[in-house]
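In case you want the letters, here they are:
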Amino acid sequence: MSEAGTGTGAGRAGARRRGVAGTRWWVAAVFLLPALVLLGALVVYPIGFSVYRSLFDASGDGFVGLGNYGAMFSDEGIRTALRNNVVWVVVAPTVSTALGLIFAVLTERVRWGTAFKLVVFMPMAISMLAAGIIFRLVYDQDPQRGVANAVWVGVHDTFAEPAPFPGAKPRPNADLRPSGGGAFTSRSVVRAGVRVALPLVAVQPSDVRGARSAVVARPRAGQVTGTAWLDFTRGGGGRPNVIDPGEKALAGLRVEAVKDGRVVASAVTAADGTFALPAAEAVGAWVRLPAADFAAAYNGVDWLGPALVTPAIIGSYVWMWAGFAMVLIAAGLAGVPRELLEAARVDGAGEWQVFRRITVPLLAPVLVVVLVTLMINVLKIFDLVYIIAPGSSLRSANVLALQLFQSSFGTDVDEGLGSAIAVFLLVLVLPVMYVNLRRIRKERRR
């Protein structure tokens, strides 16, 4: 009995020294040692050193305690970065996940769904650096280069008539003076039997390409006539305020007769530059060329200006990561029991009800995975902001990761403040990681 008991006790002691798979603990430790060393060198040590360094000043010699953390929240640039990070965390993962869900559901039944998913997922193969360069060009202010503004200007010009001669102005010694807001008004009133001359300069060559030669307006009974033309002769030799041979007519200009600040008559110049106003209203009135004749060409939206730079960069992020969300959600959608969906449809549920009450609840675990993953990702966003935002808008687009880089390696280097930002960023990531770990443990228990 005692020997048996002794043998049993020895067996239990041996089992305690072995792992679940029957391996001795020191063997497992040997195999885990390289990974533990790398983990300590690449994760634990940098975190510990950052916490330590955040307690000292920029030189690293003076102990300031929590002073860097106080300075972090009192700095306007860092507060802007914190606000932008909140916008990023709320908007970017939500929009990316929502688009991924829509794409996954809508392409499930179409024949070309696989090809569409491939196209949407393709931006994931592009680095953040390349994506930033692409969208810096997409958001370029010049419609000739920026795709976004090219489309926007095209839509705008479809519904709003562009100015016929943007940037044009009267010849300096002509009988026209600026009258505010970009309009020009004659210095003298219209007199009966006197032709009105409207010589202009600074007209873009492209605006008069193919234009007819200007002609002197002929007198008409009961009307006041005049001519608007480009008072410029190629090669020189022309006379000011006189229509010389070969000078171009300015067609499409709106000409107004104004009395007491009120427009009493108006006309549009013909292809030869001539126009006619009713003499009954025009005589004794001033001639005005409204600002709409010379308004600068519409160049679209300042996408990278201080007001829109953050939404614009978030749009580029969504372009990259919506495909990631779509692929994960599509994989989860493939595991949804089709019997439940068909049963709901048989019971009279519409597609929207099936989607909202069955598909989305069944996909909830996958949606949480996507959201949490993207939240962790956007907290570290740096590349897109640094590349896309121009220097004039960089402060408005600032985020914590970019501020960390600027404080640690920028022109005003303060490694203490940079380390404090790094620690704060880690603190922000920890709750999201904790939620992710709890989710993983629950799935293992199932």
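Scroll up to find the structure this text is about.
Not measured: the values here are computed from a predicted model.

Rules of the game
Residues numbered from 1 in each chain as written. Predicted model: local features only at pLDDT ≥ 70, side-chain atom pairs only at ≥ 80, totals over all residues. Heavy atoms only, no water. Helix = DSSP H or I, 4+ residues; strand = E, 2+ residues; numbered from the N terminus. Rg over C-alpha atoms; globule rule 2.2 N^0.38 Å. Buried < 20%, exposed > 50% of the residue type's maximum accessible area, 1.4 Å probe, protein only. Contact = heavy atoms within 4.5 Å. Areas by Shrake-Rupley, 256 points an atom, 1.4 Å probe, with all protein chains shown as cover. Lys, Arg positive; Asp, Glu negative; His and termini not counted. Charge placed at Lys NZ, Arg CZ, Asp CG, Glu CD. Axes fitted to C-alpha atoms, helices over the stretch in contact; angles between N-to-C directions. Parallel < 35°, antiparallel > 145°, perpendicular 65-115°, else oblique. Left-handed = near helix turned anticlockwise from the far one by under 90°. Nonpolar A, V, L, I, M, F, W, Y, C, P; charged D, E, K, R; others polar. Patch = residues over 30% accessible without salt bridge, like charges linked within 9 Å, V, L, I, M, F, W, Y side chains within 5 Å. Salt bridge = Lys/Arg side-chain N within 4 Å of Asp/Glu carboxyl O. Expected span 1.5 Å × (residues − 1). Bend = angle between axes of the 7 residues up to and from the residue. Phe/Tyr/Trp six-rings, centres within 6.5 Å; stacked < 30°, edge-to-face > 60°. Pairing = 2+ DSSP bridges.

### A word on the overall build of the protein
Then step 1. For the protein, the helix and strand inventory stands at 14 helices and nine strands.
Then step 2. Taken over C-alpha atoms, the radius of gyration comes to 36 Å for the protein, far larger than the 22 Å a tight globule of 446 residues would show.
Then step 3. Its C-alpha atoms give the protein principal-axis dimensions of roughly 140 × 75 × 40 Å.
Then step 4. Counting across all 446 residues of the protein, residues that qualify as buried make up 37%.
Then step 5. Look at the contacts in the protein between residues 6 or more apart in sequence, and 69% of them connect residues 24 or more apart.
Then step 6. Working note: accessible area of the protein is about 25,500 Å², and carbon and sulfur atoms make up 64% of it.
Then step 7. Between the mean site of the 43 positive side-chain charges and the mean site of the 30 negative ones, the protein shows a separation of 7 Å.

### Here we look at the packing of helix H4 (residues 76–106) against helix H11 (residues 351–379)
Then step 1. Put simply, H4 and H11 touch, their axes get as near as 9 Å, and they point 140° apart. The angle between H4 and H11 places the two elements in the oblique class. Along this stretch, H4 crosses H11, giving a crossing that reads as right-handed. Contacts between H4 and H11 involve Asn85, Trp88, Val89, Ala92, Pro93, Thr94, Ser96, Thr97, Leu101 and Val105 from the former and Phe355, Val360, Leu363, Leu367, Val370, Leu371, Leu374, Met375, Val378 and Leu379 from the latter.
Then step 2. Taken together, the residues of the contact of H4 with H11 break down into 16 nonpolar, four polar and no charged.

### Looking at unusual backbone geometry
Then step 1. Backbone geometry at Ala202 places phi at a positive 60°, although glycine is not the residue there.
Then step 2. Structurally, the position occupied by Ala202 is in the loop between strand S4 (196–201) and strand S5 (223–230).
Then step 3. Ala202 gets classed as partly exposed once you look at its relative accessible area, which sits at 38%.
Then step 4. For Asp260, which is not glycine, the phi dihedral falls at a positive 55°.
Then step 5. If you trace the backbone, Asp260 turns up in the loop between strand S6 (254–259) and strand S7 (262–268).

### Here we look at a positive patch on the surface
Then step 1. On the surface, Arg438, Arg441, Lys442, Arg444 and Arg445 cluster together to form a positively charged patch.
Then step 2. Mapped onto the secondary structure, Arg445 falls in helix H14 (residues 415–445).
Then step 3. Note on Arg445: relative accessible area 70%, which makes it exposed.

### With respect to a nonpolar patch on the surface
Then step 1. On the surface, Leu32, Leu36, Leu38, Leu39, Leu42, Val43, Val44, Ile47 and Val51 cluster together to form a nonpolar patch covering roughly 820 Å² of accessible area.
Then step 2. Residue position: Leu38 is located in helix H2 (residues 25–53).
Then step 3. Overall, the relative accessible area of 53% leaves Leu38 in the exposed class.

### Considering the packing of helix H5 (residues 113–121) against helix H9 (residues 309–334)
Then step 1. At their nearest, the axes of H5 and H9 sit 7 Å apart, and the two run at 140° to each other. Between H5 and H9, the crossing angle belongs to the class labelled oblique. Residues Lys117, Val120 and Phe121 of H5 pack against Ala322, Gly323, Phe324, Met326, Val327 and Ala330 of H9.
Then step 2. Residues belonging to the contact of H5 with H9 are distributed by class as follows: seven nonpolar, one polar and one charged.

### Regarding H9
Side chains of residues three or four places apart in an α-helix project in the same direction, reflecting 3.6 residues per turn.
Then step 1. In a regular helix each residue adds 1.5 Å, so 26 residues correspond to 38 Å; H9 covers 38 Å between its end C-alpha atoms and thus fits that length.
Then step 2. Most pronounced at Trp321, the bend in H9 amounts to some 35°.
Then step 3. Where burial is concerned, most of H9 is hidden: 19 out of the 26 residues are buried.

### Looking at the packing of aromatic side chains
Then step 1. Here the structure, examined in full by the defined rule, presents 20 aromatic pairs.
Then step 2. Ring geometry for Tyr317 and Trp321: centres 5.8 Å apart, planes at 20°, overall stacked. Of this pair, Tyr317 and Trp321 both sit in helix H9, four residues apart, which is roughly one turn of the helix.
Then step 3. Consider the rings of Trp321 and Phe324, whose centres lie 5.3 Å apart with planes at 75°: the pair is edge-to-face. Placement of the pair is Trp321 and Phe324 together in helix H9, with a separation of three residues, close to one helical turn.
Then step 4. Under the relative-accessibility criterion, Phe324 is labelled buried at 18%.
Then step 5. Put simply, the rings of Tyr45, Phe49, Tyr52, Phe56 and Phe63 pair up and form one aromatic cluster.

### Notes on the pattern of salt bridges
Then step 1. Considering all chains together, one arrives at eleven salt bridges under this definition.
Then step 2. Between Glu76 and Arg83 there is a salt bridge, with its nearest N and O atoms 3.5 Å apart.
Then step 3. Between Arg288 and Glu256 there is a salt bridge, with its nearest N and O atoms 2.9 Å apart. Taken together, the residues Arg288 in strand S9 (residues 286–289) and Glu256 in strand S6 connect sequence positions 32 residues apart.

### Considerations on the sheet that holds strand S2 (residues 176–178)
Then step 1. What the five strands build is an open sheet, ordered S2-S3-S9-S6-S7; its pairing is antiparallel. Of all strands in the sheet, those with a lone pairing partner are S2 and S7, marking the two edges. Across the sheet, the mean angle separating the axes of adjacent strands is 30° when strand polarity is ignored.
Then step 2. Across three bridges, S2 lies against strand S3 (residues 184–186) in antiparallel orientation. Looking at the pairing, Pro178 lines up with Phe184 of S3.

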